[in-house]
Amino acid sequence: MFIGTAGWNIPARHAAGFPRQGSHLERYAARLNAAEINSSFYRPHRRATYERWAAAVPAAFRFSVKLPRAITQDRRLRDCEDCLARFLDEVSGLGCKLGVLLAQLPPSLAYDADVAARFFQNLAGRTAAGIACEPRHASWFTPQADRALADLKIMRVAADPPRAPTDGAPGGWTACAYWRLHGSPKIYYSEYEDSRLQAVAKQLRPGDWCIFDNTAAFAALGNARTLQTMTGSDQPRRSGGVSRSRICTGIPDGS
């Protein structure tokens with residue numbers, strides 16, 4: 001399982017559980033095997049920056065990276081070839097440590113079958129990484145949209161708190177799942193109680209991702225570590241390139 005947080009901040013109250021030496025990322029990656037890069041949503045990073053991050057983590061560590069807001073919010077998945085090409089060139093610096101690309105859509109973006117198919121087909125044809133989509137408009141949570149995402153091998157994020165009746169469960173391509181736990185009842189702030197984490201632990205399968213985004217009050221790291229203990233997960237012993245067809249295990253194609 002890939003369990004981690006949005007970013008790799010280590011709050012003081014959790015510092016004792018991590019090595020004392022190294023950068024924040026190196027210390028974080030000594031205990032957790034995944035992290036979500038959210039800063040890419042707000043600003044571009046040089047390819048050399050991604051290369052440096054990839055070099056700082058163990059071979060089995062994986063990153064997910066959020067698509068830029070210029071693609072998802074400003075251009076709303078349309079006419080964004082230039083932005084997408086630049087972004088994919090930058091994140092290629094992660095090499096085989098790029099696990100998932102995350103598209104978080106604005107709440108106002110309704111499902112358009114043609115636009116969604118064109119965008120995600122283009123994206124899927126240009127990366128071996130898994131692709132997760134976090135829609136926030138109710139029209140994305142219909143059987144039609146769900147089948148279309150499944151056909152494209154796009155994971156629909158299981159989000160908490162949910163924005164639609166089926167938002168709290170994985171959708172689309174469910175060979176593996178991507179969970180984003182933002183904090184509930186106060187989004188980005190609330191710490192999850194053990195009972196809630198136990199419920200999540202029972203649903204996670206090998207290869208699934210679970211990212212905690214309740215970082216505003218420094219709850220995410222503790223929740224991630226607790227879930228890691230509950231699931232008995234640790235850093236995978238096997239490593240290599242990851243494609244959508246094998247993202248569930250992190251085992252390279254041909255293994």
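These figures come from a predicted structure and were not determined experimentally.

Asks: What is the right way to look at the nonpolar core in this model?
Replies: Phe63, Leu101 and Phe120 are the most contacted members of the largest nonpolar core, which totals 64 residues. With 6 residues, the top contributor of residues to this core is helix H5 (residues 113-124). Setting aside anything within four residues of it in sequence, one finds Leu101 in contact with Val65, Leu67, Phe87, Leu88, Val91, Leu123, Thr127, Ala129, Gly130, Ile131 and Ala132. Judged by nonpolar contacts, the second largest core, of 13 residues, contains Ala34, Cys176, Tyr178 and Trp209.

Asks: Whenever I open this one, the confidence of the model for the protein chain confuses me. Can you help?
Replies: Low-pLDDT portions of the prediction should not be read for the details of their coordinates. Chain-level statistics for the protein chain give a pLDDT mean of 91 and a share of 91% at 70 or above. The model gives residues 235-243 a pLDDT under 50, and that stretch makes 33 contacts with residues more than four places away or in other chains. Confidence over residues 248-255 falls short of pLDDT 50; this stretch has 25 contacts with residues more than four positions distant or in other chains.

Asks: Can you help me understand the pairing of strand E3 (residues 62-66) in this one?
Replies: Along any regular strand, the residues point their side chains to alternate faces of the sheet. Among the 5 residues in E3, 5 count as buried, and that is most of the element. Taking the sense of rotation as the criterion, the β-α-β connection linking strand E2 (residues 34-37), helix H2 (residues 47-55) and E3 turns out right-handed. Pairing of E3 with strand E4 (residues 98-104) involves 4 bridges; the strand directions are parallel. Looking across to E4, one finds that Ser64 is bridged to Val100.

Conventions used here
- Numbering of residues starts from 1 in each chain and follows the order in which that chain's sequence is written.
- Totals for whole chains, interfaces and linings use every residue, but because this is a predicted model, local features are given only for residues with pLDDT of at least 70 and side-chain atom pairs only at 80 or more, for both listing and counting.
- The side-chain values count all of the structure's non-hydrogen atoms but skip hydrogen atoms and water molecules.
- In this text, buried Ala, Val, Leu, Ile, Met, Phe, Trp, Tyr and Cys residues form a nonpolar core when linked through side-chain atoms within 4.5 Å.
- Relative accessibility thresholds used throughout: buried, under 20% of the residue-type maximum; exposed, over 50%; partly exposed, between the two (1.4 Å probe, protein chains only).
- Secondary structure elements follow DSSP: runs of H or I no shorter than four residues count as helices, runs of E no shorter than two count as strands, and numbering proceeds from the N terminus.
- Two residues form a contact once any of their heavy atoms are found within 4.5 Å.
- Note on scores: pLDDT gives the predictor's confidence for each residue, bounded by 0 and 100.
- A crossover gets the label right-handed when its path from the first strand over the helix to the second runs clockwise, viewed with the strands pointing away from the viewer.
- Here, any two strands with at least 2 DSSP bridges between them count as paired.

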